[in-house]
There are 2 protein chains.
Amino acid sequence: MADSVVLDPVDLHILRLLQNDARTTYRELAAEVGVAPSTCLDRVARLRRSGVILGHQLRLDPAKLGRGLEALLSVQVRPHRRELIGPFVERIRTLPESRALFHLTGPDDYLVHVAVTDTADLQRLVLDEFTSRREVARVETRLIFQQWECGPLLPPSSGSAGTGH
Amino acid sequence: MADSVVLDPVDLHILRLLQNDARTTYRELAAEVGVAPSTCLDRVARLRRSGVILGHQLRLDPAKLGRGLEALLSVQVRPHRRELIGPFVERIRTLPESRALFHLTGPDDYLVHVAVTDTADLQRLVLDEFTSRREVARVETRLIFQQWECGPLLPPSSGSAGTGH
DNA sequence: CTTGAAATCTTCTAATC
DNA sequence: GATTAGAAGATTTCAAG
């Protein structure tokens, strides 16, 4: 299920192009990669089936939606037991302010990436949704000055990833 | 530039649908929202022009690409001056292991989300690309057990965001 | 993997409300 | 000013080689 997949240079080329712009047409992909459009269709369908491509996502600007302030919240959940962390995760995941949630090693159990209107909104969020919860032992808030997406995700340098199956 | 934009219920409905699946056709959007396909085209084009929609992105599974271990690195850069942090950011952004980079308030200046092959790969990355740099004063590594994407990004509850421009 | 054709989708113009 | 209908042009998709 989590095993890596064998990718040839054509797959990698297609993935790089689609990561650059997920709306690139099969015709353009074909011209760029040097195969027929139907081959690109076939490759992309296979990459979807094999789970390499999880989906197509819209990137939105939170500031344009009235959520111009972003922050990371480090949260300790104590005691750190399944019957407490399950509901915690579910609640945090469904908050409209939450963008991403990580379960981590280390003293802080969770990291929550949130997008809010302003500092007052952030204060409300921390007080009403985090520190008010019995299982939340500690919350540390850090504001995000700036963030960057990084280059395309590709297999480690060898070129074809792992041993496949 | 970062001002929020006025969105009516049709825009919000379209955004919700596209965040669910960015490949939804205008025809399907139209049927769901209750307007003509050409209207959907128009709305989406406007949302792009106004900057609400930044682009279309492919979501990939790092594990399937041979990067089954993810981690967050907290980094202190000292002294924290522009002539040092500029090259640092540029270098980290272009690492194939980097997925996202945040400049933060608080004692740790940067948070780097990385995807690597295994713990040996992570050790190499930390030693060769972080602690070996003169301006990196401290690196704290936390492994990611699990991560979740959260619900669709929408304007704060009032329904239409901000005052527009 | 490619060709080629059919179905579907995107996109534009003109007309309408 | 925004929306719709309809038509032309692309694109996607499939079957056959």
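Along every chain, residues carry numbers that run from 1 in the direction the sequence is written. Labels follow written order: the first chain is A, the first ligand is 1, and so on. Where local features are concerned, this predicted model is filtered to residues with pLDDT of at least 70; where side-chain atom pairs are given and counted, the filter is 80 or more; whole-chain, interface and lining totals use all residues. Excluded from the side-chain calculation are hydrogens and water; included are all heavy atoms of the structure.

Asker: Please explain the interface of chain B and chain A as it appears in this structure.
Answerer: One widely used convention gives an interface's size as the accessible area the parts lose upon coming together. Note on contacts: a residue pair is in contact if any heavy atoms of the two residues lie within 4.5 Å. Between chain B and chain A, the contact holds 64 residues from the first and 64 residues from the second. Both faces considered, chain B and chain A share a buried interface measuring about 6500 Å² in area, 60% of it formed by carbon and sulfur atoms. Definition used for salt bridges: Asp or Glu carboxyl oxygen within 4 Å of a side-chain nitrogen of Lys or Arg. Applying the counting rule to chain B against chain A returns zero salt bridges. Here a polar contact is recorded for every N or O atom pair within 3.5 Å, except that within protein the pair must consist of a potential hydrogen donor and a potential acceptor, and residues adjacent in sequence are included only if both atoms are side-chain atoms. The interface formed by chain B and chain A includes 27 residue pairs in polar contact (both at pLDDT 80 or more). A run of H or I in DSSP becomes a helix once it reaches four residues, and a run of E becomes a strand once it reaches two; helices and strands are each numbered from the N terminus. Going through the elements one at a time, α1 (9–20), β1 (53–60), β2 (69–77), α4 (82–94), β3 (98–104), β4 (110–116) and β5 (136–149) of chain B are the ones with two or more residues in the side of chain B that touches chain A. Buried area: the accessible area, evaluated with a 1.4 Å probe, that two parts lose upon being put together, summed over both parts.

Asker: Any chance you could explain the protein's contact with DNA strand D here in plain terms?
Answerer: When at least one non-hydrogen atom of a residue lies within 4 Å of a molecule or strand, that residue is treated as near it. What surrounds DNA strand D is the set Thr-25, Tyr-26, Arg-27, Ser-38 and Leu-41 of chain A together with Val-35, Ala-36, Ser-38, Thr-39, Arg-43 and Arg-46 of chain B. Sugar plus phosphate: this is where 73% of the atoms of DNA strand D within 4 Å of the protein reside. Secondary structure elements with two or more residues in the surface near DNA strand D: α2 (26–33) and α3 (37–49) of chain A together with α3 (37–49) of chain B. A total of four residues in the surface near DNA strand D trace back to one element, the largest contributor, which is α3 of chain B. Each residue gets one of three labels, nonpolar for Ala, Val, Leu, Ile, Met, Phe, Trp, Tyr, Cys and Pro, charged for Asp, Glu, Lys and Arg, and polar for the others, Gly among them. Taken together, the residues of the surface near DNA strand D sort by class into four nonpolar, four polar and three charged.

Asker: Just to check I follow, could you spell out the sheet that holds strand β3 (residues 98–104) of chain A for this structure?
Answerer: In a beta sheet, neighbouring strands pair by backbone hydrogen bonds and run either parallel or antiparallel. Strands were regarded as paired on the criterion that DSSP finds at least two bridges between them. Taken in spatial order, the eight strands line up as β2(A)-β4(A)-β3(A)-β5(B)-β2(B)-β4(B)-β3(B)-β5(A) and close into a barrel, and their pairing is antiparallel. Neighbour-to-neighbour, the strand axes of the sheet open up by a mean angle of 35°, direction not taken into account. An axis is simply a line fitted to the C-alpha atoms; with a helix, the fit covers only the stretch in contact. Between two such axes, the angle follows the N-to-C directions and lies from 0 to 180 degrees. In this fold helix α5 (residues 119–131) of chain A packs onto β2 (69–77), β4 (110–116) and β5 (136–149) of chain A, with an angle of close to 140° to the strand it touches most, β5 of chain A. Helix-sheet contacts for α4 of chain B involve β5 of chain A together with β2, β3, β4 and β5 of chain B, and the interaxial angle to β3 of chain B is about 155°.

Asker: Can you walk me through the relation of the copies chain B and chain A in this structure?
Answerer: The relation between the two chain copies is a rotation about an axis coupled with a shift along that axis. Of the transformation placing chain B onto chain A, the axial shift is 0.0 Å and the rotation is 180°, giving an RMSD of 0.1 Å. Overall, the copies show the geometry of a two-fold rotation axis. Across chain B, the rotation axis passes nearest the C-alpha of Gln-57 of chain B, at a separation of 2.6 Å. A symmetric contact is evident, with 100% of the interface residues of chain B recurring at the interface of chain A. The copies are overlaid by a least-squares fit using only the C-alpha atoms of residues whose pLDDT is at least 70 in both copies.

Asker: Even after reading the chapter, I still don't get the protein's contact with DNA strand C, so can you show me in this structure?
Answerer: Surrounding DNA strand C, one finds Val-35, Ala-36, Ser-38, Thr-39 and Arg-43 of chain A together with Thr-25, Tyr-26, Arg-27, Ser-38 and Leu-41 of chain B. Counting only atoms of DNA strand C within 4 Å of the protein, the fraction found in sugar and phosphate groups is 73%. Contact distances for DNA strand C include 3.1 Å between a phosphate oxygen and a side-chain N or O atom of Arg-27 of chain B. Breaking the surface near DNA strand C down by element, the ones donating at least two residues are α3 of chain A together with α2 (26–33) and α3 of chain B. In terms of residue count, the dominant contributor to the surface near DNA strand C is α3 of chain A (three residues). Across the surface near DNA strand C, the residue classes tally to four nonpolar, four polar and two charged.

Asker: Explanation requested: the packing of aromatic side chains in the structure shown.
Answerer: Each aromatic ring pair is specified by the distance between its two centres and by the angle formed by the two planes. Residues and elements named next belong to chain A. Two aromatic rings from Phe, Tyr or Trp, using only the six-membered ring of Trp, form a pair when their centres are within 6.5 Å; if the ring planes differ by under 30 degrees the pair is stacked, by over 60 it is edge-to-face, and anything between is tilted. Evaluated as defined, the whole model comprises four aromatic pairs over all chains. Their ring planes at 50° and their centres at 5.2 Å tell us that Phe-88 and Tyr-110 sit as a pair that is tilted. One end of the pair, Phe-88, is in helix α4 (residues 82–94); the other, Tyr-110, is in strand β4, and 22 residues separate them in sequence. Relative accessibility thresholds used throughout: buried, under 20% of the residue-type maximum; exposed, over 50%; partly exposed, between the two (1.4 Å probe, protein chains only). According to the relative accessible area criterion, Tyr-110 is buried, its value standing at 1%.

Asker: Is there a simple way to think about the side chain of His-113 of chain B in this case?
Answerer: Inspection of the secondary structure assignment puts His-113 of chain B in strand β4. Take His-113 of chain B: its relative accessible area is 8%, and that puts it in the buried class.

Asker: I keep staring at the packing of α1 of chain B against α3 of chain B and nothing clicks. Help me out?
Answerer: Helix-helix packing is described using two parameters, namely the angle between the two axes and the distance between the axes. Residues and elements named next belong to chain B. Contact pair α1 / α3: the axes reach a minimum separation of 10 Å and the direction vectors enclose 85°. Viewed along their axes, α1 and α3 adopt a mutual orientation that is roughly perpendicular. Contact residues: α1 offers Val-10, Asp-11, Ile-14, Leu-15 and Leu-18, while α3 offers Cys-40, Arg-43, Val-44 and Leu-47. A class-by-class count of the residues in the contact of α1 with α3 yields seven nonpolar, no polar and two charged. Every angle not falling under 35 degrees, over 145, or within 65 to 115 is termed oblique; those three ranges are roughly parallel, roughly antiparallel and roughly perpendicular.

Asker: Whenever I open this one, the environment of Leu-58 of chain A confuses me. Can you help?
Answerer: Residues and elements named next belong to chain A. Considering the arrangement of structural elements, one finds Leu-58 in strand β1 (residues 53–60). For Leu-58, a relative accessible area of 7% translates into the label buried. Taking C-alpha positions, Leu-58 is 9.4 Å from Ala-22, a pair spaced 36 residues apart along the chain.

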